[in-house]
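Now for the letters of each chain:
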Amino acid sequence: MTFKRIVAASAVSAALLAAPVMAQTRTPVLTDHHVHVHSPAILEILPSYCSSPGRIGACDPAFVEPLTADDLLADMDEAGVQTAWMMSTAYLAESPMMVPELADAATRVHDANAFTVATAAAHPGRLVAFVSVNPLTPDALAEIEAWKDDPYAKGLKLHLTNSGVDLRNPDHVRRLAAVFEAASDARLTIMIHVRTRAEDYGARDVRIFVEQILPHARDIPVVIAHSGGWGGLDANTWDALEGFRHVLADRPDTAPNLYFDLAQVFDADTSPENRGRLVEVMRSIGVARFAPGSDWPFSGPLDGYLNDAMGLLPLSSQEAGALRERRVAVR
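Parameters and conventions
- Residues numbered from 1 in each chain as written.
- Predicted model: local features only at pLDDT ≥ 70, side-chain atom pairs only at ≥ 80, totals over all residues.
- Heavy atoms only, no water.
- Pairing = 2+ DSSP bridges.
- Helix = DSSP H or I, 4+ residues; strand = E, 2+ residues; numbered from the N terminus.
- Contact = heavy atoms within 4.5 Å.
- Axes fitted to C-alpha atoms, helices over the stretch in contact; angles between N-to-C directions.
- 1 Å grid on protein atoms, 1.4 Å probe; cavity = no way out; pocket = protein on both sides within 12 Å on 5 of 7 lines; lining within 4 Å.
- Points joined across faces, edges and corners; volume = space filled by probe spheres on them.
- Nonpolar A, V, L, I, M, F, W, Y, C, P; charged D, E, K, R; others polar.
- Core = buried A, V, L, I, M, F, W, Y, C linked by side-chain atoms within 4.5 Å.
- Buried < 20%, exposed > 50% of the residue type's maximum accessible area, 1.4 Å probe, protein only.

> When you look at the sheet that holds strand β6 (residues 222-224) in this model, what are you seeing that I'm missing?
Strand-to-strand pairing in sheets goes through backbone hydrogen bonds, with the strands running parallel or antiparallel. Taken together, the eight strands give an open sheet; going across it, the order is β1-β2-β3-β4-β5-β6-β7-β8, and neighbouring strands pair in parallel fashion. Single-partner strands in this sheet number two, and they are β1 (31-36) and β8 (290-291). Together, β1, β2 (83-87) and β3 (127-132) form the strand contacts of helix α4 (residues 69-79), whose direction differs from that of β3 by roughly 135°. Strands in contact with helix α5 (residues 105-122) are β2, β3 and β4 (153-159); relative to β3, the strand with the most contacts, it is inclined by about 170°.

Below is the structure:
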């Protein structure tokens, strides 16, 4: 598989050498809650998107690889993963990072979502479709409504960084809350990349999200992508996790359907200190709120991430087993 060449063999070998004995007998992850397969409508614009002056950083080489659902399924089989939540990347077509704007952006959003839903329909029981929108665009609510009754559209993916959402902007908060209400009406589980472009993003933004936006999901499950960051464990991610920890400690019964995925939060090279600190935060928030996720293909091979790297987290055997079997509900 093309993307495997991106992953250094030394990192996987280190994970195998350091993995605890229990890793040899553990059960596979049942559900990967965070994977991507670009649609043709999005693959076509990626060169322009990645070279756009509106980008805030270079695109990962894996980001532009023309990987298919068959590539994903083959890697799932190798890792023993039964089901994966496939996130549409339709929101890229309406990202403010795309400069100049696309004249056909709204059409591309719908086409990309249609591809994701059709792909899931072709692989029932293996792939779960999450459509996506930019919550600040005029067509966001209509696009959610379009998938309301589709039996294969199970969730909604939101990406605040790519969508240019500022949680400190009251108008942005209002529009994001309306999108949450629309997703709730459509019974779509929400996966949200909460991190914004604010350089000091952290606990302040988390409190706004929990107090002013999350209630609009009502009883729909909401999953925080990358455990509140955008991959890795930098100072902003730690601050966001602390924000979630404090607000949930203050009001533990207010968000029973709030979860966090572990997509790209760690890797085989994450220090033992950071792995231990992450588990401490997970236990404080509640390990039952965390779900396996990879961010495939950016994670590299699923076996290396969901088995080897995740096996390095210093969880108890009971915690690790429950985490590997966790499946957040979709309609």
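> What am I meant to see in empty space enclosed by the protein here?
For the structure shown, the criterion picks out one cavity of 30 Å³ or more. Estimates place the volume of the largest cavity at around 70 Å³. Taken together, H36, V37, H38, A62, F63, E65, L67, W296, P297 and F298 form the lining of the largest cavity. Residue composition of the lining of the largest cavity, by class: seven nonpolar, two polar and one charged.

> Could you clarify how one ought to interpret the nonpolar core in this entry?
Looking at soluble globular proteins, one finds that nonpolar side chains tend to be buried together. F180, I192, F209 and V222 are the most contacted members of the largest nonpolar core, which totals 80 residues. Setting aside residues up to four positions removed in sequence, F209 forms contacts with L167, F180, I192, V194, L214, V222, I224 and F244. Core analysis: the next-biggest nonpolar cluster, separate from the first, contains 14 residues, L46, A90, M97 and V109 among them.

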